[in-house]
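Coordinate analysis (summary)
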Amino acid sequence: MPASFQLDVVAPDRTIFSGEVASLVAPGTEGYLGVLADHAPLLTGLAVGAARATTPDGRDIYFAVAGGFLEVADNHATLLADAAERADQIDVARAEVARKRAAEACAAAARGEPKFVAAEAALQRALNRLQVAREHGRVHDPNPRAQ
């Protein structure tokens, strides 16, 4: 069995995942980074993107992540996200509504003003949720539109 470490994926309202994993790939603010057992201590910011945890038996679990921090120490990683969902638990219809609402807000605001910046960030989060769900979730989506 490959070496493993404890991973906790935590959002403000709940723990999304807690268990032993063989590896983690997460969207850091400076690019994607990988974590294996016995990794050096690390604290880094997270960006919007997909995180992948691989269990010791080789099963991949995907998460849509939107900001936060990743801490690694003593064979324990904590992914403390501003928002996170397992790919197989994302409500695609709700994410599509959020995407449309954010796209409309972007169109209504002038580039560079605070409303535009907030709408653009919301659009990135919604698009990430849709992409993670469609590529890695096991939920049937009757409307597999790319955007």
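For the structure, see preceding data.
Residues numbered from 1 in each chain as written. Predicted model: local features only at pLDDT ≥ 70, side-chain atom pairs only at ≥ 80, totals over all residues. Heavy atoms only, no water.

With that settled, the discussion passes to the overall build of the chain. Each helix and strand in the chain was counted, giving two helices and eight strands. If you list the helices and strands of the chain from N to C, you get β-β-β-β-β-β-β-β-α-α. Seen along its three principal axes, the alpha-carbon backbone of the chain occupies a region of about 50 × 35 × 25 Å. Here the chain, with 147 residues, has 43% of them falling under the buried criterion. For the chain, the share of sequence-separated contacts (at least 6 apart) that also reach a separation of at least 24 residues comes to 51%. Split by element, the accessible area of the chain, about 8100 Å² in all, is 53% carbon and sulfur. Positive and negative side-chain charges of the chain, numbering 15 and 19 respectively, have mean locations separated by a distance of 10 Å. (Helix = DSSP H or I, 4+ residues; strand = E, 2+ residues; numbered from the N terminus. Buried < 20%, exposed > 50% of the residue type's maximum accessible area, 1.4 Å probe, protein only. Contact = heavy atoms within 4.5 Å. Areas by Shrake-Rupley, 256 points an atom, 1.4 Å probe, with all protein chains shown as cover. Lys, Arg positive; Asp, Glu negative; His and termini not counted. Charge placed at Lys NZ, Arg CZ, Asp CG, Glu CD.)

The next subject is helix 1 (residues 92-108). With 17 residues, helix 1 should reach 24 Å at 1.5 Å per residue; the first-to-last C-alpha distance of 24 Å fits that figure. Residues Val92, Ala95, Glu96, Ala98, Arg99, Ala102 and Cys106 constitute the buried set of helix 1. The arc that holds every buried residue of helix 1, seen down its axis, measures 160°, which confines them to one face. Of the exposed residues in helix 1, the ones pointing more than 90 degrees away from its buried face are Ala93, Arg94, Arg101, Glu104, Ala107 and Ala108. Structurally, helix 1 contributes buried residues whose contacts are with helix 2 (114-136). (Expected span 1.5 Å × (residues − 1). Arc of directions from axis to C-beta.)

The subject of this paragraph is a nonpolar patch on the surface. On the surface, Leu43, Phe69 and Leu80 cluster together into a nonpolar patch covering about 340 Å² of accessible area. Checked against the element boundaries, Leu43 lands in strand 5 (residues 42-54). Classification of Leu43 as exposed rests on a relative accessible area of 64%. (Patch = residues over 30% accessible without salt bridge, like charges linked within 9 Å, V, L, I, M, F, W, Y side chains within 5 Å. Salt bridge = Lys/Arg side-chain N within 4 Å of Asp/Glu carboxyl O.)

By themselves these figures say nothing about function.
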